[in-house]
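Chain residues, written in single-letter form:
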Amino acid sequence: MSSKHRAKFTALVTATICLVAQPAGVMAQGTLDRFLSSVEISSAGKCNRIDIRLHRPATYAGHFPVSSGTDLAVRLEPLGTEQTPDDSRIPLRESANVPVGNSANLNAVAFDATTSGGPVIRLTFQHSVAFRVVMDSDSRHLRIDEAEEGDAGACLGALKSERESNEIANPDKPGGSSDSVALGKKALTAKDYSQAIAYFTKAVTEGSPSTRQEAQELLGLARERAGQLVHAKAEYETYLKLYSKGAGAARVRQRLIGVEAAQQDAAEQQFAKHDKLKLDVDVTTKSDFKTDSKSDAQKLNAEKAPVDNIQQPESNLATKRSLGVEPADPNAWTWDKNGSISQYYYRDDNFSSSDILRGSMGEHETLQNEVISSGDFYLHGENQTYDLAIRGAAFGETGFGEQSDIRETNISTIYAEAKHKSSGLFARVGRQSRSTGGIFGRFDGANVGMQVDKDVKVQAVIGSPVFSRDAKPFADKRMFYGASIDYTFPNQEWATALYAIEQDIGSVVDRRALGAELRYSGKELFVYSAADYDIFYNELNNAYVSATWNFKQGASVYGTLDYRHVPFLLTSNALTGQTEQVLSSLVDLFGEKEVTELAADRTASSKSATLGISYPLTEDWTAAIDATIADYTGTPASGGVDALPDPGVEYYVSGQLSGTNLFTENDSIGFGLRYSQNDQSQLYMADISFRYPVNEKLRISPRLRVSLREGRTTDSLQFLVMPSLGLRYRFSNHWNFEVEAGARWEDNKAASGDDQNLELLINAGYRYEF
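Please read these numbers as outputs of a predicted model, since none were measured by experiment.

Looking at a nonpolar patch on the surface
Here comes step 1: A grouping of W333, W335, I341, F377, L379, Y386, L388, I390, I411, I414 and F770 is seen on the molecular surface, where their side chains present a nonpolar patch of about 940 Å² in accessible area.
Here comes step 2: Where the nonpolar patch is concerned, the elements lending two or more residues are β9 (334-352), β10 (363-382), β11 (386-399) and β12 (407-420).
Here comes step 3: Looking at the nonpolar patch, the element that brings in the most residues is β11, giving 3 residues.
Here comes step 4: I390 sits in the partly exposed class, given a relative accessible area of 35%.

See below:
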């Protein structure tokens, strides 16, 4: 760091510490397995692919920085609603397990819903890399292509020039992904294999789905002809994973067999060469030690005679093993595993009626004093016939003191999964999460299906929803069963899914619905839509349409229209506010018809619309702005339960300015402004956060949030100041330590008088990944 940058940084930290005074927690996070599902990393040569799976659908709303850095923040807007209560609330933050020592140099993946610009998934790399966020036809899948900055051109295409950005947006024009395939074929014909590999790699990462399929096969062919047999095998296997049916798959399987045979021949030649060399050395050694007592003729005859006393290897297998090389076994299993363990301590001390200027801290109360422990693991194995996986995740809370006397353990995920590759049959059994096929949340049960071909997949599901942390499988006789079919159109851009489902609690219908999804994944435009209609209540339970238009590299316009019931429309909603908590008993008390009316009365609804834009001002600065309007209904009084008033229409407007490389390379800063208004009040908020990489191991993150809330129906004013300072230190590829501290100072002014409150917060902990 230069002296100039060091001086600026010292001044910034000094000023921040003065503002922070007492610390605020927003950094530490464990594996909750509520929004983030899994992180998978694959590679082809020097090009890497990061696949982040989500438990619920979301739409892409932009990312920063545009093309390279040590941190990547991807903004998302969660879609739809969840059926189970724990999953219906978006977690404030959580982490996902990242395979240790991965080829992408990825250190961490975390979800954070506390930023002023909306929820983000933040990826942290060991050093600066090049990346590109790729939209997917599945709204529960975020894909990032990544490479070292020196390999960005070959792996990702040149991201920085306007001309190449237009080529990506218009692949049918010269220089686009279609041209990449054509140019790759020319290079392949001319035996310029390195150039062909570069063109096909670009087409695989940037092209349309149909272009990618052809390019994936040709990439394997180019590597095969270049003599890169190991890489060719990997590319062919990738093709068969993605496109397991059809004439192309049969052709690629034959090519894969040929590559494996070529590898075997090469090995045999190596072993034969080794045998000959060994024999020659042994013969030479023996002749060097012969005496001169024999005549020249005897020596000549001895050299021509077979060397019977030299030990011959029993087979090539023995020679292979003597070289430390095992022969390929087509039925051999390959296994990989990863997981994590974390523990974080959280403390929140509240001082009500405080007057800091006069030296009074006020009345003290400990609001939170607990340790949250979490752990997860993933075991995966496959051979040519089968693909198996076991996954589990759990967390527990241990509180201290009277106010935090908590002892809870929650198994959020535990399942086994198996797939038969050639037939496409698959099954997953255990506690798991889904947000498709009529299942919206966590459940215990089985999901079985079959990939009929690359375009059609059928599934059936049976299970019980997990309605609380300590819920036992099929508790309260809750049970559902359903079926679905997924179809991808031949052009690979359109896809749809249809489903039917019924959920019962004993003999009472809790839910009976039909639903559909429709997805479009084009060159620039991506659209997700879904609807769930309850045919028992004749009510639309949930419907949304979301679209993103990527009109320039790093620039997007996005919007969402959303209608949903809050909570999810279920007959069991009738239990809300009742002393009786068994649905069958409530039916005995009121009758089934009245219970369904009570359920409808306890279920509100919301309608919302969002429109936003994210645009890169320069390579280092990006701006984003969005607006939302939402209309919420109340609920009427019935069955002895009071009415909930209609909260009316709410408005939200937020803006975000993000920059990088201010004081040192790969630091980042974010400025956020937010305005919201409802019938009761209006809120103004400013948020500034800074992430400074001291070195590859240590990062510090100061943050300051200030808000002002004005009453619209009463003469009230609330002023909040929330400073925090976080630190993250990565001891090794396995160990991370995080600590964050901060304060929340609140000043309330009302006609009845003024009141000030102070909260001091701290959280600290470790995360071990294996």
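Points about the pairing of strand β8 (residues 141-147)
Here comes step 1: Most of β8 sits out of view: 7 of its 7 residues are buried.
Here comes step 2: Burial along β8 is two-sided: the residues H141, R143, D145 and A147 and L142, I144 and E146 are all buried.
Here comes step 3: Where strand β2 (residues 47-54) lies against β8, 6 bridges are found, and the strand directions are antiparallel. Bridging across to β8, I52 finds its partner in L142.
Here comes step 4: Summarising the sheet, strand β7 (residues 120-134) and β8 pair through 5 bridges and their orientation is antiparallel. Among the inter-strand pairings, V133 is bridged to a residue of β8, identified as I144.
Here comes step 5: With antiparallel pairing between neighbouring strands as the criterion, β7 and β8 make up a hairpin whose turn holds 6 residues.

Quick notes on the state of the cysteines
Here comes step 1: One pass over the full model with this rule turns up 1 disulfide.
Here comes step 2: Bridging C47 to C155, the disulfide has an S-S length of 2.0 Å. Here the disulfide of C47 and C155 is left-handed, its torsion about the S-S bond being about -80 degrees. On the criterion of sequence distance, the pair formed by C47 in strand β2 and C155 in helix α3 (residues 152-156) is long-range, its members being 108 residues apart. Both residues of the pair, C47 and C155, belong to the buried class.

A word on the environment of G339
Here comes step 1: Position of G339 among the secondary structure elements: in strand β9.
Here comes step 2: For G339, a relative accessible area of 0% translates into the label buried.
Here comes step 3: Distance in space between the C-alpha atoms of G339 and A393 is 9.1 Å, their sequence separation being 54 residues.
Here comes step 4: Setting aside anything within four residues of it in sequence, one finds G339 in contact with N97, D376, F377, Y768, E769 and F770.

Concerning the nonpolar core
The nonpolar side chains of soluble globular proteins are, as a tendency, buried together.
Here comes step 1: Ranked by internal contacts, the top residues of the largest apolar core, which has 31 residues, are I52, V109, I121 and L123.
Here comes step 2: With 6 residues, β7 is the single largest residue contributor to this core.
Here comes step 3: When residues no more than four places from it in sequence are discounted, the contact partners of V109 are L36, V39, I52, S95, A96, V98, I121, R122 and L123.
Here comes step 4: Residues V181, I197, A222 and L256 belong to the second largest nonpolar core, which totals 23 residues.

Regarding the pattern of salt bridges
Here comes step 1: Applying the stated criterion across every chain, the model contains 29 salt bridges.
Here comes step 2: Here D145 ties to R143 by a salt bridge, and the two come within 2.9 Å at their closest N and O atoms.
Here comes step 3: Relative accessible area serves as the criterion here: at 2%, D145 is assigned to the buried category.
Here comes step 4: Ionic pairing is found between D747 and K749, a salt bridge with its closest N-O pair at 3.6 Å.
Here comes step 5: What makes K749 partly exposed here is its relative accessible area of 38%.
Here comes step 6: Residues joined by salt bridges that share partners form a network here, namely D71, R691 and R699.

Reading the values: the criteria
- Residues numbered from 1 in each chain as written.
- Predicted model: local features only at pLDDT ≥ 70, side-chain atom pairs only at ≥ 80, totals over all residues.
- Heavy atoms only, no water.
- Patch = residues over 30% accessible without salt bridge, like charges linked within 9 Å, V, L, I, M, F, W, Y side chains within 5 Å.
- Areas by Shrake-Rupley, 256 points an atom, 1.4 Å probe, with all protein chains shown as cover.
- Salt bridge = Lys/Arg side-chain N within 4 Å of Asp/Glu carboxyl O.
- Helix = DSSP H or I, 4+ residues; strand = E, 2+ residues; numbered from the N terminus.
- Buried < 20%, exposed > 50% of the residue type's maximum accessible area, 1.4 Å probe, protein only.
- Pairing = 2+ DSSP bridges.
- Disulfide = S-S within 2.5 Å.
- Contact = heavy atoms within 4.5 Å.
- Core = buried A, V, L, I, M, F, W, Y, C linked by side-chain atoms within 4.5 Å.

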